[in-house]
Amino acid sequence: MSHYQLRKVTLYLMLAVMAWWPAAPWAGMLASGSAHAAEGRIEAVSFDWRALDTGGAWTISFVTSSSGVVRVFDSVHLTAPQGLLTGRDIYVNVGGSRLTVSASSVRYSGNTLSFSSPHLEIGPSTYVEIEVLMSTRPQPGTYPGSVFAVATQADPAPVSPQGPVVVAKLQPSMVQDVSFQAMPPQLGAVSQWVVRFRTSPDGLLTTGLETITLLGPSGTRFSDDPAHYTVNGVVVDRLEALEPHQVTLRVPANALSLGGREYVVLASGTGNPAEASPSVAYAVSTSLDVMPAHPEVPIAWLSMVEELALQVEPPHARMPGRWEADFVATSGLAAGDSITLEAPAGTQFPDHAAAYELDGRPVAGVNVYAGGRQVVLTVPASAEGGSPAEPGSRVNLSIEGVTNPSAGDYGGEALRLQTTRDPLQAMAESGPVFRNEPVSAVASVRMLPETTDAEAASQWVVHFHTGPAGALRRSVDTITLTLPEGSRFAEEAGAYRVNGVPVSTVDVTAGHRVRVTVPLRIGDNEQVELVAPVIRAPAAGYYPAGQFRVETSVDVAPGSPPAGLVFGVVPLPAELKLSAEQPTVHTGTQTTLVLTATDGEDSPVPGASIEWAATAGELRPRAAVTDKDGRIMADYTAPAEAGPITVTAKTVHGIQSILTLEIVRPQTPPPWVPPVVIPPDPGAEEPEGGQESPEPEPSPEPPEGEAEPTLPSFVDLAGHWAEGQIRQAAGLGIVRGYPDGTFWPERQVTRAELAVMLSGAGLHNEGPDWSTAADPDPYSARERFTDGRDIPGWAADAVSEAVHSGIFVGYEDGSFRPGAPITRAELAVILYRLAGHTLESPPRVPVTFADVEDIPGWAAGPVEAVRQLGLITGREGLLFAPQAAATRAESTVTLIRLLDISPSD
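Residues numbered from 1 in each chain as written. Predicted model: local features only at pLDDT ≥ 70, side-chain atom pairs only at ≥ 80, totals over all residues. Heavy atoms only, no water.

Take helix 7 (residues 824-834) next. Note on helix geometry: an α-helix contains 3.6 residues per turn, so any two residues three or four positions apart are oriented the same way. In terms of residue burial, helix 7 counts as a mostly covered element, since 11 of its 11 residues are buried. Listing the buried residues of helix 7 in full gives Arg824, Ala825, Glu826, Leu827, Ala828, Val829, Ile830, Leu831, Tyr832, Arg833 and Leu834. Buried positions along helix 7 lie against helix 4 (751-761), helix 8 (857-868) and helix 9 (888-900). After helix 7 finishes, the residue glycine 836 shows a positive phi value of roughly 95°. (Buried < 20%, exposed > 50% of the residue type's maximum accessible area, 1.4 Å probe, protein only. Helix = DSSP H or I, 4+ residues; strand = E, 2+ residues; numbered from the N terminus. Contact = heavy atoms within 4.5 Å.)

Now the structure itself:
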């Protein structure tokens, strides 16, 4: 052998050894030698698995780089998870030729399979397919592409497939125990689908890699938002494919199976099909269980009534009304079916069937639930004996005597209706609206900014009371606050507080007006504190009280503070003058304090900040700003203990005024025992309408020879439960009817009207002699109250008499409100005073009414006292209804009863 031939054989042996031992140190040296100086990366790598009866086969394909020339004895390296590449039958397809790799040239090192061949040579930018036949069955599943790689001696940098690699089963399988549900199960609606299934024994899904495919009937519309899907409670982060009625989603990471192989998929925002379909229209498959499986039963679609609408007349809050509910019975109605109607909280449906009519026919039965706001009706048979309502026909349900809920604008979701045949709850197209009647306003408004600097930012504290029927609902009703133009509220809801609770929603309109959604429930006549951030106060100047307004969505008539505010430079007062409406005050009663601030020339100083303090008792407000006349008014409530007290008012600069008040105990009237009141006949029938139960009237025989006097009559009193007492009161001149001969017994009584009735009956406590009073003006109600000019002339004297005798008192804002209705709680207190009692020692006997918790604390004792005296009783259902307005009939009857037991008799 020549020396040249020997060198050639040696070179081939070295190449063969390095091909067999790619991890040897010189393998890298060869790869980086002059023959492979221009390194590159192979492209388009893929690993594809197909199942065969003998086990299966891998097809690995790639394209060499532009410099990646694989020469004879160069190595090709394939990397895969442990146990996936175990075959030694390897074929290489390149350039149209199929090359068999000798099993003796195949070598394994960890997870990498390497081979070379003296016949394999691959050019640059060449497509290559490598087929590896497997005699064993790898574990099926989906694997991330990053755990697979291809490299050659010419392109040594490993390259992985772009996507996951799926190892399919030898035989396709399907999931098991498939079920579909929809909530709500209404055709054509948007709902949430719940799909449950179990995988096959070796079909466990790999989180973050496997996929689940859902198929619905034609017309289904799956959402394109991955956030609408969860797998076992974990939100999906990716949709692999989407068609209108089919969606493929990737199983999210950490979505562990339930019970080993159970899965629950929630598909929200799914548009339900318009028609019902068989179970074969629903299917589930996975990337492992590729055969679609169907539920045993399809989704059980239900229906609901349509076009639900409500009309209420009159729509007065907390008052009786007639409700008319119209709807379309989608599936019809049959005799004996039920209709369930739910109304806003506070609604009280009548519990007798006579109050309900279905298409003009009385219902067959009625049951009231949920505190009165839910009623279940039984459908009567039709006159012809057939179905009362055919599918798709319109139905009218009328209800007489429903007690309306609190005032407010209720959304459609507040009224719901369903039937036996249309079991899904339907909501009204628009909600009912109820208003206080008459419209009430907020009261006792106070506005206290941190600073009155012009155009400055500060926090404002606003105090007020809701109206007599001004309860506010949480997250529904609103408070609107208005400042002078030029002001600007902050728009961050979290900076607002209502009674200390953070606000979640505000709406700033025009800058100087903000509407706040109340974050908690607020009751009638309840004090409210609203903290509002103002980023800019008004410009310098004086602003009258009317430019500061507070209103609620229930008390739509705005309230304002008693005085305006001055912004900017405020002159310092030189003197403060403090006086009291009554220098001598009874313990526990209230008087008004008046402060006047003047300068050195005795001119009023507006806008001066004043703080108050008293050695005992309660002052409201504790701080205020003088109005344009330099005045402030405050309410002072005396303590329970008698003795002198001192009130001090001062400015921040130390100027002050001191007033001494004498607190005395009122004289206690002698005890009085009322005469025995004859109880009503137990066998007598209960009056209809839920009104006051009349006491039996004696029928004295007229003196011999005298005709029985004729009492006035009214055309609308025939058969009324209070007809006798009303006619008696009319004969005594206590009440009068209307010019058309009517009396209107169920009409509300206003404060002014009741004062006139008391005057006509001669019912009042002892007061001064009005006819000889030298200066009657201090006792004039029209002069005393801020709305005194609203008191009608025909009622002025009667109101003045009632106020001066202590029967009536005004409100905290200094108003009398002559047109406001008298509530039954207020009527009880007035009767209590007229009976000779004071509010200092009400009876301790518990009130015996079903709605005792609704009776205000200031009225609980008087209510029980007048009940014991037989002056006032409850309404139907053992209810007292303290906030309901007293009617003309009720007021007349109570006055006649009071005359019958008057101690002067």
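Read across the open sheet, the four strands follow the order 45-47-51-49; overall the sheet is antiparallel. Each having just a single partner strand, strand 45 (575-580) and strand 49 (618-620) make up the two edges of the open sheet. The sheet shows a mean angle of 25° between the axes of neighbouring strands, direction not considered. Note that strand 45 and strand 47 (residues 590-598) share six bridges and pair antiparallel. Residue pairing across strands places serine 579 opposite valine 594, the latter belonging to strand 47. (Pairing = 2+ DSSP bridges. Axes fitted to C-alpha atoms, helices over the stretch in contact; angles between N-to-C directions.)

This part covers the sheet that holds strand 8 (residues 127-134). What the five strands build is an open sheet, ordered 1-2-8-4-5; its pairing is antiparallel. Of all the strands in the sheet, the pair left with one neighbour each is strand 1 (43-52) and strand 5 (97-101). The average angle at which neighbouring strand axes cross in this sheet is 20°, direction not considered.

A few words on the packing of helix 4 against helix 9. Look at helix 4 against helix 9: their axes get within 11 Å of each other, and the N-to-C directions meet at 30°. Classified by the angle between their axes, helix 4 and helix 9 sit roughly parallel to one another. Viewed along their axes, helix 4 and helix 9 form a crossing whose handedness is right-handed. Of helix 9, the residues touching helix 4 (which contributes Leu754, Met757, Leu758 and Ala761) are Ser891, Thr892, Leu895 and Leu899. By residue class, the composition of the contact of helix 4 with helix 9 is six nonpolar, two polar and no charged. (Parallel < 35°, antiparallel > 145°, perpendicular 65-115°, else oblique. Left-handed = near helix turned anticlockwise from the far one by under 90°. Nonpolar A, V, L, I, M, F, W, Y, C, P; charged D, E, K, R; others polar.)

This paragraph deals with the pattern of salt bridges. Applying the stated criterion to the full structure yields 18 salt bridges. A salt bridge links arginine 421 to aspartate 337, with the nearest nitrogen and oxygen atoms 2.6 Å apart. With a gap of 84 residues between them, arginine 421 in the loop between strand 30 (416-419) and strand 31 (426-427) and aspartate 337 in the loop between strand 22 (320-329) and strand 23 (338-342) connect regions that are remote in the sequence. Look at the salt bridges and you will find they share partners, linking Arg50, Arg98 and Glu131 into a network. (Salt bridge = Lys/Arg side-chain N within 4 Å of Asp/Glu carboxyl O.)

This brings us to the pairing of strand 48 (residues 609-614). As a general feature of sheets, a regular strand has side chains that alternate between the two faces. Bridge count for strand 48 against strand 50 (residues 623-625) is three bridges, and the pairing is antiparallel. If you follow isoleucine 610 over to strand 50, its bridge partner there is alanine 624.

Viewed as axis vectors pointing N to C, helix 7 and helix 8 meet at an angle of 65°, and their least axial separation amounts to 8 Å. In the crossing of helix 7 with helix 8, the sense of the turn from one axis to the other is left-handed. Facing Ala825, Glu826, Ala828, Val829, Leu831 and Tyr832 of helix 7, the residues of helix 8 in contact are Trp858, Ala859, Pro862, Val863, Ala865 and Val866. Grouping the constituent residues of the contact of helix 7 with helix 8 by class yields 11 nonpolar, no polar and one charged.

Summarising the sheet, strand 47 and strand 51 (residues 631-637) pair through seven bridges and their orientation is antiparallel. When the bridges of strand 51 are listed, threonine 592 appears paired with aspartate 635. Bridging between strand 49 and strand 51 involves three bridges; their strand directions are antiparallel. Bridging from a neighbouring strand, arginine 620 pairs with aspartate 635 of strand 51.

Per-residue confidence for the protein gives a mean pLDDT of 82, with 86% of residues at or over 70. A low-confidence stretch, residues 668-708 (pLDDT under 50), is modelled with 47 contacts involving residues beyond four sequence positions or located in other chains. The low-confidence segment residues 767-778, where pLDDT is below 50, has seven contacts with residues more than four positions distant or belonging to other chains. (pLDDT = per-residue confidence, 0-100.)

Secondary-structure assignment places methionine 183 in strand 12 (residues 176-183). By relative accessible area, which is 46% here, methionine 183 ends up partly exposed. Between the C-alpha atoms of methionine 183 and valine 194, which are 11 residues apart in sequence, the distance is 8.1 Å. Each residue touching methionine 183, except ones within four places of it in the same chain, is listed here: Ser191, Gln192 and Val194.

Here the focus is the nonpolar core. Counting 71 residues, the largest nonpolar core has Trp323 and Tyr496 as its most contacted members. With near-sequence residues (within four places) excluded, tyrosine 496 lies in contact with Phe489, Ala490, Val501, Pro502, Val503, Val506, Val508, Val514, Val516, Val531, Ala532 and Pro533. If you look at the next biggest cluster of nonpolar residues, it comprises 57 residues, including Ala761, Phe785, Leu834 and Ala865. (Core = buried A, V, L, I, M, F, W, Y, C linked by side-chain atoms within 4.5 Å.)

Moving on to the environment of leucine 565. Here leucine 565 lies in strand 44 (residues 565-567). For leucine 565 and leucine 448, which are 117 residues apart along the polypeptide, the C-alpha to C-alpha distance reads 9.6 Å. Those residues within four positions of leucine 565 in sequence are excluded, and the remaining contacts are Pro449, Trp460, Gly541, Tyr542, Tyr543, Phe548 and Val625.

Moving on, we get to the side chain of glutamate 324. Inspection of the secondary structure puts glutamate 324 in strand 22. Among the polar contacts listed, one links the side chain of glutamate 324 to the side chain of arginine 322, at a separation of 3.0 Å. In this view, glutamate 324 contacts Ala309, Leu310, Gln311, Asn396, Leu397 and Ser398; residues no more than four positions away in its chain are not counted. (Polar contact = N/O pair within 3.5 Å; in protein donor to acceptor, adjacent residues only side chain to side chain.)

The omega torsion of the bond from methionine 183 to proline 184 falls at -5°, within 30 degrees of zero and hence cis. The topology assignment puts proline 184 in the loop between strand 12 and strand 13 (190-198). Look at the link from glutamate 313 to proline 314: it is a cis peptide, with omega at -5°. Relative to the helices and strands, proline 314 is located in the loop between strand 21 (306-313) and strand 22. Positive phi, normally seen in glycine, also occurs at aspartate 177, with a value near 50°.

Glancing now at the packing of aromatic side chains. Think of a pair of aromatic rings as described by two things: how far the centres are apart, and how the planes are tilted against each other in angle. Across all of its chains, the model carries 20 aromatic pairs by this definition. Measuring from ring centre to ring centre gives 6.0 Å for tryptophan 193 and tyrosine 282, while their planes differ by 45°; the resulting arrangement is tilted. Pair noted here: tryptophan 193 is in strand 13 and tyrosine 282 is in the loop between strand 19 (262-271) and strand 20 (283-286), with a separation of 89 residues, a long-range link. For the residue pair tryptophan 193 and tyrosine 282, the accessibility class agrees, reading buried in each case. (Phe/Tyr/Trp six-rings, centres within 6.5 Å; stacked < 30°, edge-to-face > 60°.)

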